[in-house]
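# Descriptive structure summary
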Amino acid sequence: MMNEAGVRRVERRLRVLYVEEGLSHPGKNLLPLLASEVDYYLVTAERDREFADRYSMPIYTFPSPKFPVQRAWTSRQLAARVLRETKVDLIHSHSGTDFLLPRTVPVVTHVHGSWLADWRRAWHTAGPAKRMRHLVGYLHYVLPESIGIRRATHIITVSEAVKREVIRFYGIPPERVTVVPNAVPDYVHNIGCAKRPQDPPRLVYVGRLHPSKGIAEFAAALARAPELEVEFLVLGDGPERKFLHALAARDPRIRVLGAVPHEEVLRWLERTNIFIFPTYYEGFGVALLEAMATGHACIVREIPIMEEVLGRETGILCNGVQTMVEAVADLVSNPEKRFELQRRAKIRAREFSWQKSARILMDVYNKVAGGACESG
């Protein structure tokens with residue numbers, strides 16, 4: 001390629017310093033797809049060394065301290081070391097622990113969900129005793145998020161819902177925010193293809209057992225409807241585990257399986273057909289997308305991100321857990337409707353693709369890096 005002066009330009013591969021405490025779902029799926037075009041240098045947890053070795057990516061590791069400020073300081077120290085040793089074109093970091101990173105090169109911040117949005121909801125519903133804990137949470141999570149997002153050269157969000165929050169809460173111009181949606185690996189779409197309308201109704205929830213997920217509320221509401229002949233599997237761990245185990249001891253329909261490996265999660269998704277997701281806040285909802293891809297009729301709380309991912313014609317959006325139990329009763333008594341929602345969910349899940357998201361991410365890199373990959 002020639003420049004305006006007629007001098008041949010040599011294009012080199014983009015060099016990206018990728019900073020994340022431990023590689024998340026997007027990192028593990030997007031980086032391999034761009035590894036043929038991008039030289040990645042990883043600053044992440046030691047547990048991701050195998051991933052880095054598999055794709056021949058230099059890795060700089062650190063332990064995972066308890067608090068974000070500690071993680072941010074450690075990330076800064078390692079990032080500064082990489083910047084001294086290697087000429088990189090930009091930093092791709094993740095919101096919350098990136099606010100102390102050096103700004104000697106452009107920084108792209110990846111926002112999975114707004115701590116501020118979740119904090120505001122929790123603050124307004126908390127009593128006086130819990131508000132002191134929420135103030136500590138504000139300092140540890142919301143404040144670092146605010147600093148990191150405002151200092152970023154460009155911001156990536158996992159959904160349009162999170163993009164709106166970033167623009168609204170932090171006054172970021174829309175042109176500085178790009179949505180790179182999450183997805184699921186292609187093999188997940190091949191799970192659940194043998195499901196039939198006559199299969200018995202089996203409910204499943206996958207996620208943290210935390211008050212913000214609404215799972216204990218839904219399980220309690222289901223327990224108040226003993227006439228419903230349905231099995232409910234709960235996969236995950238968290239502070240509401242004890243309550244759910246106690247509930248399951250009184251109600252044989254409810255089984256709390258705890259945290260299980262992802263391979264086992266997929267095996268359960270192959271054997272269930274109604275997915276319950278009563279979460280109050282979500283940045284995207286990969287668990288929901290996995291349930292859609294594996295053929296589930298999805299019953300979710302009516303919040304913006306659920307409509308964005310699931311859609312109103314593809315699943316059932318409810319305004320509370322009692323309405324969700326009523327929706328379960330309807331699907332239990334109407335297997336044809338249940339199976340039609342399973343079919344629609346599986347089709348819609350195909351609209352989300354890591355390949356599409358990788359191209360969007362590459363466009364962001366090129367936009368932010370400018371002409372950094374061209375040397376004469």
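Because the structure is a prediction, the values reported are computed rather than measured.

Turning to the packing of helix 12 (residues 321–333) against helix 13 (residues 335–349), a few remarks are in order. Remark: helix 12 packs on helix 13, axes separated minimally by 5 Å, with the N-to-C direction vectors making an angle of 105°. By the criterion of interaxial angle, the relationship of helix 12 to helix 13 is roughly perpendicular. Of the residues in helix 13, those in contact with Asp330, Leu331, Val332 and Ser333 of helix 12 are Pro335, Lys337, Arg338 and Leu341. When grouped by side-chain class, the residues that make up the contact of helix 12 with helix 13 number four nonpolar, one polar and three charged.

Inspection of helix 9 (residues 262–270) places Val265, Leu266, Trp268 and Leu269 among the buried residues, and these make up the whole buried set. An end-on view of helix 9 places all buried positions within 160° of arc, on one side of the element. The inward-facing, buried residues of helix 9 abut strand 9 (202–206), strand 10 (231–235), strand 11 (254–258) and helix 10 (286–293).

This brings us to the packing of helix 10 against helix 13. Contact geometry for helix 10 and helix 13: axes closest at 7 Å, N-to-C directions at 115°. Side by side, helix 10 and helix 13 meet where Leu289, Met292 and Ala293 of the first sit next to Ala345, Lys346, Arg348 and Ala349 of the second. Each residue belonging to the contact of helix 10 with helix 13 can be placed in one class, and the counts come to five nonpolar, no polar and two charged.

Bringing the environment of Lys163 into the picture now. With respect to the helices, strands and loops of the structure, Lys163 is situated in helix 6 (residues 160–170). Residue class for Lys163 comes out buried when judged on its relative accessible area of 18%. Counting along the chain gives 120 residues from Lys163 to Gly283, while the straight-line C-alpha distance between them is 9.6 Å.

Scanning the entire structure with this criterion turns up zero disulfides. Unpaired in this structure, Cys193 has its nearest cysteine sulfur neighbour in Cys298, at a distance of 15 Å. Among the residues examined, Cys193 registers a relative accessible area of 55% and is labelled exposed. Just so you know, Cys318 is unpaired, no disulfide at all, and the nearest cysteine sulfur is the one on Cys298, 12 Å from it. The buried category is assigned to Cys318, whose relative accessible area is 2%.

Moving on, we get to the confidence of the model for the chain. In this model, the chain carries a mean pLDDT of 91, and residues with pLDDT of at least 70 account for 94%. Contacts of residues 5–10 to residues separated by more than four positions or lying in other chains number 13 contacts, the stretch itself having pLDDT below 50.

Moving on, we get to a nonpolar patch on the surface. Together, Tyr138, Leu139, Leu143 and Ile147 make up a nonpolar patch on the protein surface, roughly 330 Å² of accessible area in all. Along the chain, the position of Leu143 falls in helix 5 (residues 128–151). Residue class for Leu143 comes out partly exposed when judged on its relative accessible area of 37%.

Another point: the sheet that holds strand 11. Strand order in the open sheet formed by six strands is 11-10-9-12-13-14, and the pairing between neighbours is parallel. If you trace the sheet from one side to the other, it starts and ends with strand 11 and strand 14 (316–318), each paired once. Each strand axis lies, on average, 20° off the axis of its neighbour in the sheet, ignoring direction. As defined by bridge partners, strand 13 (residues 297–301) adjoins strand 14 across three bridges and the pair is classed as parallel. Bridge pairing links Arg301 to Cys318 in strand 14.

Here the focus is the pairing of strand 9. Most of strand 9 sits out of view: five of its five residues are buried. The two faces of strand 9 match: Arg202, Val204 and Val206 on one face and Leu203 and Tyr205 on the other face are all buried. Across five bridges, the pairing between strand 9 and strand 10 is parallel. Each bridged residue has a counterpart across the sheet, and for Arg202 the counterpart in strand 10 is Glu231. Assessed by its sense of winding, the connection that carries the chain from strand 9 through helix 7 (residues 215–223) to strand 10 is right-handed. Note that strand 9 and strand 12 (residues 274–277) share two bridges and pair parallel.

On to the pattern of salt bridges, then. Under the defined criterion, the tally for this structure stands at 18 salt bridges. The salt bridge partner of Arg312 is Glu302, with a shortest N-O separation of 2.3 Å. Of this pair, Arg312 sits in the loop between helix 11 (304–309) and strand 14 while Glu302 sits in the loop between strand 13 and helix 11, and the two are 10 residues apart along the sequence. For Glu302, a relative accessible area of 39% corresponds to the partly exposed category. Among the ionic contacts, a cluster of salt bridges with common partners joins Arg202, Glu231 and Arg255.

Calculation criteria
- Residues numbered from 1 in each chain as written.
- Predicted model: local features only at pLDDT ≥ 70, side-chain atom pairs only at ≥ 80, totals over all residues.
- Heavy atoms only, no water.
- Axes fitted to C-alpha atoms, helices over the stretch in contact; angles between N-to-C directions.
- Helix = DSSP H or I, 4+ residues; strand = E, 2+ residues; numbered from the N terminus.
- Parallel < 35°, antiparallel > 145°, perpendicular 65-115°, else oblique.
- Contact = heavy atoms within 4.5 Å.
- Nonpolar A, V, L, I, M, F, W, Y, C, P; charged D, E, K, R; others polar.
- Buried < 20%, exposed > 50% of the residue type's maximum accessible area, 1.4 Å probe, protein only.
- Arc of directions from axis to C-beta.
- Disulfide = S-S within 2.5 Å.
- pLDDT = per-residue confidence, 0-100.
- Patch = residues over 30% accessible without salt bridge, like charges linked within 9 Å, V, L, I, M, F, W, Y side chains within 5 Å.
- Areas by Shrake-Rupley, 256 points an atom, 1.4 Å probe, with all protein chains shown as cover.
- Salt bridge = Lys/Arg side-chain N within 4 Å of Asp/Glu carboxyl O.
- Pairing = 2+ DSSP bridges.
- Right-handed = clockwise from strand over helix to strand, strands pointing away.

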